[in-house]
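Structural overview for review
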Amino acid sequence: MFGLPSCRGRALSRAFTTLLTLALSSSLVYAATLRGTVRDPLGHGLASTVTLLRNGQEIAATATDANGSFTLHASGSGRYVLRATAPGFASQSSQALFVQTDSSVAQDLYLHLAPRRDDITVSATGLPTPIEQTSVAVTLIPTEELATRFGIADELRLQPGVSVVQSGGYGGVTSLFVRGGDSTSNQVLIDGVPAGDVGGRFDFSNVASTAVSGLESQRGPNSVLYGTDALAGTVRFDTPRGGARPVLNYSGDAGNFHTWRNEAELSGAYRHVDGYVAVSRFDSSNALPNDRYHLITVAANVGVQIAPEFSLRGTVRDGVSATGVPGAFNFYGVAAQARQGDQDLYLSAALDGTVHGNLHQSARYLGARKREQFVEFGAVGTPITVGSGPFAYTANFGNNVTIHGANGTVATGRAQLLNGVNDRSDSVSNRDGVQYNADYRFTPHLSGLAGFRFLDERGSYRYPTYGIDQTAERRDYQYTLQLQGDLFRRIFYSLGGAVQRNTLYGTEGTPRLGIAGYAVRPGAGWFQGTRLHFNFSKGVQEPNLNTQLTSLYGQLSAAGNASAIARYGISPIGALRARTYEGGVEQSIAGQRLLFRANYFHNEFGRQIEYVSGGDLQQYFGLPLGSLLGNPYAGAYLNSLHFRAQGAESQLEFSPMRHVFLRGGYTYLDARVQRSFSGDVTAALGGYANTNPNYPDTPIGSSSPLIGARPFRRAPHTGFAVAEYSSGKWSAGLKAAFSSRSDDSTFLSYSSLAGDNSLLLPNRNLAFGYTKLDANATWQMLPKVALFTQMNNLLGQQHTGPIGYPALPFNVRLGIKLRLSRD
């Protein structure tokens, strides 16, 4: 009687179970899949927990297998973040990943031993690589370090082997010297776009901290990956990307010297499109007359996920600035009435994708538009007639001043000012190019990288007052091939080379070899983690357009002065070269709570550019001042400087407790000039050199260093120290940069009222040493409201820049940060 209903019940049960199974199977088929591997810093698979988040909420979690592999399923299309955790390691989160229904996305994660801060570097090898696997010296500066800064230059000071020289206050020309190299010998990349002028000159004063997602700074040549101009170092940063949720950030502050700043950022994503846009303006009157400065920055980053493994992304960064140019105030006692404007636009568009999991390709457009305008709208100083008879002329001279050198030398007098009413000049440096890179993982232990880059570079220099209207164009081709791998996850190597073909200097080859190995693997013990590394590389650099257009060889050739060319061995402008090798050790102590690094480097810089001043041209070639092809400054350039720069870097990082982080470093630099124009001329003239009549026994390099001396503005001793505290609501930092005295020149050859070299002081230790001490603090008053302060030059030191240029004294800014987001 009851058997039939029982059979029907079982049938219904089986049918329900079948439908449920089909439904679950269908949901898994159409679900988005995220897979990957969690690895330790050496690349070993790491057993860990991986969590999948969407809009900050946990969606799913899984434990990896013994090899670190994981697979997670998302319920549908959207943006997700992967977060990996493991005992003894700092947690790591991925960028927001867009996945579509019925698609699969691969993402590996690297975990670092806590409390180490280092992460992944791209600049060292061209591929995302844990810094523990690299053989070159790289410093990563996270975005948080820039949170209260106006620009990036002061954070770049806080690393070994680097010296930052700023001429005056905000907006003053700011240069970076890496391991004794010239300030023009660094490749600066913004969203992958070469950002320097053609030939490498880059002014860091016009880069705001707005829209900077951290900095990578590599010390040493890297022309293999980044081509011409990466002769001494590489600095790169990217524009941030939009996150999964819409966020509006505002920051506003004000301070002394009529300083104020406003910044707004808007970011977010919708389905397969993410976007970020930022705008800021900074203003300051600075401390000197005629030195007001402002900088407006606009940046944007928009990406489209066109397929699970392919994306299209475009970026733009535009900076417009204007600053007074008071000049070397301490040399003249009066500020020039001049103004300089800069317009810097950087553009990139990139198609990026992975095929079959092993082949990754990227094609990128690179664009830069740079313009610099200078105008002197009023004469300053006192007009005085000097000379007699047909050689008499009237020039403006500064006030009577006394110039003190850090080496104890003194000069008193009035220096001639090179100024004129409505003097205008305009320089343009434009660049368009394409770059293609492909990297292929042959095995888990070997990858290859091949690339091609083409750049079309155009520039011009116009000085209407003197009828100067010059243009130049170059094409640069680069072919790159590199292998990167490891042996037993303990020895890591990279071997590569590049061929540069430039229409100005011809063909150059740049090889590189790097090896890093662990004598003791990283671990939680007291002395676990001993890494040794070695690197050899060559670099090449093209001269800048101004150098090409005003080369001494070209100008003497045009003037028919072949005898001077032969006498002094002057050659056409060509490539600058560098060769370097370095080696070092890194030791972790107490589970990486204490980290010690030491490096030795040896650089040879050849065929570097020297500037020959109008006074020297007058002396050595008998050319009247200002007569050389109508050039008002009568200067010229040539490849004549050769020097060696070797030294040692040391760095210590220490985390004594959870909320405190300390780091510091010291660099000794032994740089010596082996050949220079001044030395060649001295030899050709039987030992004669520039001297000051008050120091007749001391030869002086007026516009370039003498043989055996140090290159200008390369301090032999530099260092830094940082102490930081961070808790739930409070964070604070105390940051100091140190520099010893350095060689320099007043560049006032034959500029005194008497027409002699009495204002030209001996080079040795002429520029002052300094200690620049800064501090910052932030209070998170409410979850979305924070108050902050940034204090610079707490000691009020006036000599943190080149001699003659007083630094901005103690300055402070107070501000507020607001955040609006949909939580």
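Just above, that's the structure.
Residues numbered from 1 in each chain as written. Predicted model: local features only at pLDDT ≥ 70, side-chain atom pairs only at ≥ 80, totals over all residues. Heavy atoms only, no water.

**Notes on the sheet that holds strand β28 (residues 382-386)**
The test is simple: Note: two strands are recorded as paired if DSSP finds a minimum of 2 bridges between them. Helix numbering and strand numbering both begin at the N terminus, where a helix is a DSSP run of H or I of at least 4 residues and a strand a DSSP run of E of at least 2.
The three strands lie next to each other as β28-β29-β32, forming an open sheet whose pairing is antiparallel. Two strands bound the open sheet, and with one partner strand each, they are β28 and β32 (416-417). By the bridge criterion, two bridges tie strand β29 (residues 393-397) to β32 in an arrangement that is antiparallel. What sits directly across from F397, in β32, is Q416.

**What about the pairing of strand β33 (residues 423-443)?**
Across 18 bridges, the pairing between strand β27 (residues 359-378) and β33 is antiparallel. Counted as the bridge partner of Q373 is D426 from β33. Here β33 pairs with strand β34 (residues 446-463) via 17 bridges, running antiparallel. In the sheet register, T443 faces β34, and the bridge partner there is L446.

**Regarding the pairing of strand β3 (residues 57-63)**
Relative to β3, strand β2 (residues 49-54) runs antiparallel, the two being bridged by six bridges. Bridge pairing in β3 links R54 to Q57. Taking the residues between adjacent antiparallel strands as the criterion, β2 and β3 are bridged by two residues, where N55 takes a positive phi near 55°.

**Quick look at the packing of aromatic side chains**
So the rule is basically this: To pair, rings of Phe, Tyr and Trp, with the six-membered ring standing in for Trp, must have centres within 6.5 Å; the planes then decide the type, stacked if under 30 degrees apart, edge-to-face if over 60, and tilted in the middle. For each residue, the accessible area found with a 1.4 Å probe, counting protein chains only, is set against the maximum for its type, and the residue is called buried under 20%, exposed over 50%, and partly exposed in between.
Counted by the stated rule, this structure contains 14 aromatic pairs. Between F150 and F282, the aromatic rings sit 3.9 Å apart at their centres with planes inclined by 25°, giving stacked as the arrangement. With F150 in the loop between β14 (137-141) and α2 (153-156) and F282 in strand β23 (residues 273-284), this residue pair connects regions lying 132 residues apart in the sequence. The pair F150 / F282 is uniform in exposure class, with both members buried. Ring centres 5.1 Å apart and planes at 50° place the aromatic pair Y611 and Y637 in the tilted group.

**Digging into the environment of L594**
Rule in force here: Only heavy atoms enter the contact rule, under which two residues are in contact if any of them lie within 4.5 Å.
By secondary structure assignment, the location of L594 is in strand β40 (residues 594-612). On the accessibility criterion, L594 (23% relative accessible area) is partly exposed. C-alpha of L594 to C-alpha of F391: the two residues are 203 residues apart in sequence and 69 Å apart in space. In contact with L594, not counting residues within four places along its chain, are Q587, S588, I589, L652, E653 and F654.

**What to know about the pattern of salt bridges**
Selection criterion: We define a salt bridge as a contact between a side-chain nitrogen of Lys or Arg and a carboxyl oxygen of Asp or Glu at a distance within 4 Å.
Scanning all chains against the criterion turns up 41 salt bridges. The partner of R714 in a salt bridge is D182, with the nearest N and O atoms 3.6 Å apart. Of the two residues, R714 is situated in the loop between β44 (695-700) and β45 (717-726) and D182 in the loop between β16 (174-178) and β17 (186-190); the sequence distance between them amounts to 532 residues. Note that R813 and D253 form a salt bridge whose closest N and O atoms lie 2.9 Å from each other. Taken as a pair, R813 in strand β49 (residues 811-821) and D253 in strand β21 (residues 247-255) lie far apart in primary sequence, 560 residues in all. Accessibility expressed as a relative area gives 2% for R813, which makes it buried. The structure contains a network of salt bridges with shared partners spanning E145, R149, D154, E155, R157, E724, K735, K772 and D774.

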